[in-house]
Amino acid sequence: MSTSPQSWSSGAQRVPDQRVGTPGEPVLAGLGTSSAAGDARSGGGGAAERHPHRTAPDRLPTRPSLLELVFDHIHSEWAMEIIRGVEQVLSAEQAALVLSELGGDHRPRDDWFDDLLDRRPLGVVLVVVELGDGQRRRLTAAGVPFVFVDPAEEQPPGVPVVGSANRAGGEAATRHLVELGHRRIAVISGPMRLPCSRARVEGFRGALAAGGLSAAPDHVRYGEFRATSGYRHGLELLGRPDRPTAVFAGSDYQALGVMRAAHELGLSVPDDLSVVGYDDLSINEWSGPPLTTVRQPLRDMGAVAAQMAITLARGQRPPYERIDLATELVVRRSTAPPRHP
């Protein structure tokens, strides 16, 4: 592993808003107390019985009650929300959480598996992480079930995956901007290799097409889900005469970067530029103005993935092999009709 895992605690609260529906040594993280939640939109189904991990039914196998939660990168509120969801489930199961970080890498090193198999976890949840074929075989041979959350690559049938309705979220964000009267709309998403990034752009294009519009080629950008990426692309997009009047950012952090770029260029949000983010993190309550965004149910995604891993560890089949939880648009004050459509 590239860096040592981290442990996290404490939580952020959410303020109600207008809603429009659509190796290192591991660290044991503290356990929460609330129960898991989540009505889900579900895909796939039927292929879960092909998942190779089976043990004694009805109760957790006789092994340490540890669930391994693996991130490519932890240092964000986005990751914290998923961790809290996993903790909700483990608390009810009287199981502990082992938290690992790959230091920004999307695929763990092979020697990481030696440490993991020595710990003999009841299951592994991998967040924005991919596994090589040999790594999958090692987990399967050891009888350790694994579940992906927002995987770094498309997964074959039979592999449990938890995500959100990324395309629908992109559509909702862009439709909101079109309905406000915007015609020059740009999108800044995450890395092109990530399925969730591409799905949000697909939703963006679909909503534009439904409104009889299309995006200029240079108005479709891929970067990183970080403020620095939004800032860099924002400066490039907003510093030209034909600048967009609205930007849909693939994450809240990117959106904050765009808003900073707009401020430095003398543009007012939302008078000169409307901005929509994605995730609905608590930092949005402190942005100026408060950020319109697409809520992604991160805590529920973590809870559902943990429950799927525990179900597999019990030798049972999850109801679905692929679960995409619903997203919703949260309208705040960073969007408004354009001054000059």
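This is a predicted model, so every value here is computed, not measured.

(A) Local environment of the overall build of the protein. The helix and strand tally for the protein stands at eight helices and 15 strands. The proportion of buried residues among the 341 residues of the protein is 56%. For the protein, the accessible surface area stands at approximately 13,900 Å², while carbon and sulfur atoms represent 49% of it.

(B) The environment of M259, seen in detail. Mapped onto the elements, M259 comes out in helix α7 (residues 252-264). Overall, M259 belongs to the buried group, its relative accessible area being 9%. Between the C-alpha atoms of M259 and V247, which are 12 residues apart in sequence, the distance is 9.7 Å.

(C) Representation of the nonpolar core in the model. If you look at the biggest cluster of nonpolar residues, it comprises 39 residues, and the most contacted ones within it are L69, F71 and V127. Among the elements of the structure, β4 (66-71), α1 (77-93), β5 (96-101), β6 (123-127), β7 (146-149), α8 (298-313) and β14 (322-325) are those that each provide at least two residues to this core. Here this core takes 11 residues from α8, the largest share from any one element. If we ignore the near neighbours within four places in the chain, the residues touching L69 are I83, V86, L97, V98, L99, S100, V125 and V127. By size, the runner-up hydrophobic cluster in this structure holds 19 residues, among which are L177, L208, L213 and A215.

(D) Expanded view of unusual backbone geometry. Along the chain, V269 connects to P270 via a cis peptide bond; the corresponding omega equals 10°. Looking at the element boundaries, P270 is found in the loop between α7 and β12 (274-279). Cis geometry marks the peptide bond from G288 to P289, where omega comes out at -5°. Note that P289 resides in the loop between β12 and β13 (292-295). Even without a glycine there, the phi angle at R120 is positive, about 50°. Note on placement: R120 falls in the loop between α2 (110-119) and β6. Residue class for R120 comes out partly exposed when judged on its relative accessible area of 42%.

(E) Broad picture of α7. Taking 1.5 Å as the rise per residue, α7 with 13 residues should run 18 Å; its terminal C-alpha atoms sit 19 Å apart, in good agreement. Of all the positions in α7, only D252, Q254, A255, G257, V258, M259, A261 and A262 are classed as buried. Elements that come into contact with the buried residues of α7 comprise β9 (185-189), α6 (227-238), β11 (246-249), β12 and β13. Note on α7: the residue one or two positions beyond its end, G266, has a positive phi of about 80°.

(F) Main features of the layout of surface pockets. By volume, the largest pocket amounts to about 480 Å³. What lines the largest pocket is a set of 20 residues, and nearest its centre among them are D72, S76, W78, F225 and R226. Looking at the lining of the largest pocket, its residues break down into seven nonpolar, seven polar and six charged. Where the lining of the second largest pocket is concerned, the elements lending two or more residues are β8 (161-164), α4 (166-179), α5 (195-210) and β14. Of all the elements, α5 adds the most residues to the lining of the second largest pocket, at five residues. Its residues assigned to classes, the lining of the second largest pocket shows eight nonpolar, three polar and nine charged.

The rules we used
Along each chain, residues carry numbers from 1 onward, in the same order as the chain's sequence is written. In keeping with the model being predicted, local features are shown solely for residues with a pLDDT of at least 70 and side-chain atom pairs are shown and tallied solely at 80 or more, while totals for entire chains, interfaces and linings include all residues. As a rule here, side-chain values cover all heavy atoms of the structure and leave hydrogens and water aside. Segments assigned H or I by DSSP are reported as helices when at least four residues long, segments assigned E as strands when at least two residues long, and all are numbered from the N terminus. Partly exposed residues are those whose accessible area sits between 20% and 50% of the maximum for their type, while under 20% is buried and over 50% is exposed, using a 1.4 Å probe and protein chains only. Methods summary: accessible areas were calculated by the Shrake-Rupley approach with a probe of 1.4 Å, and residue burial reflects only the protein chains presented. Nonpolar core, defined: a set of buried Ala, Val, Leu, Ile, Met, Phe, Trp, Tyr and Cys residues in which side-chain atoms within 4.5 Å join the residues together. Throughout, a contact is declared for two residues whenever any of their heavy atoms are within 4.5 Å. Expected helix span is computed as 1.5 Å times (number of residues minus one). Both site types are read off a 1 Å grid over the protein atoms alone. A 1.4 Å probe that fits but cannot get out defines a cavity, while an open set with protein on both sides within 12 Å along at least five of seven lines defines a pocket; lining residues have an atom within 4 Å of a point. Grid points are joined across faces, edges and corners, and a volume is the space filled by probe spheres set on the points. Throughout this entry, Asp, Glu, Lys and Arg are counted as charged residues, while Ala, Val, Leu, Ile, Met, Phe, Trp, Tyr, Cys and Pro are counted as nonpolar. The remaining residues, Gly among them, count as polar.

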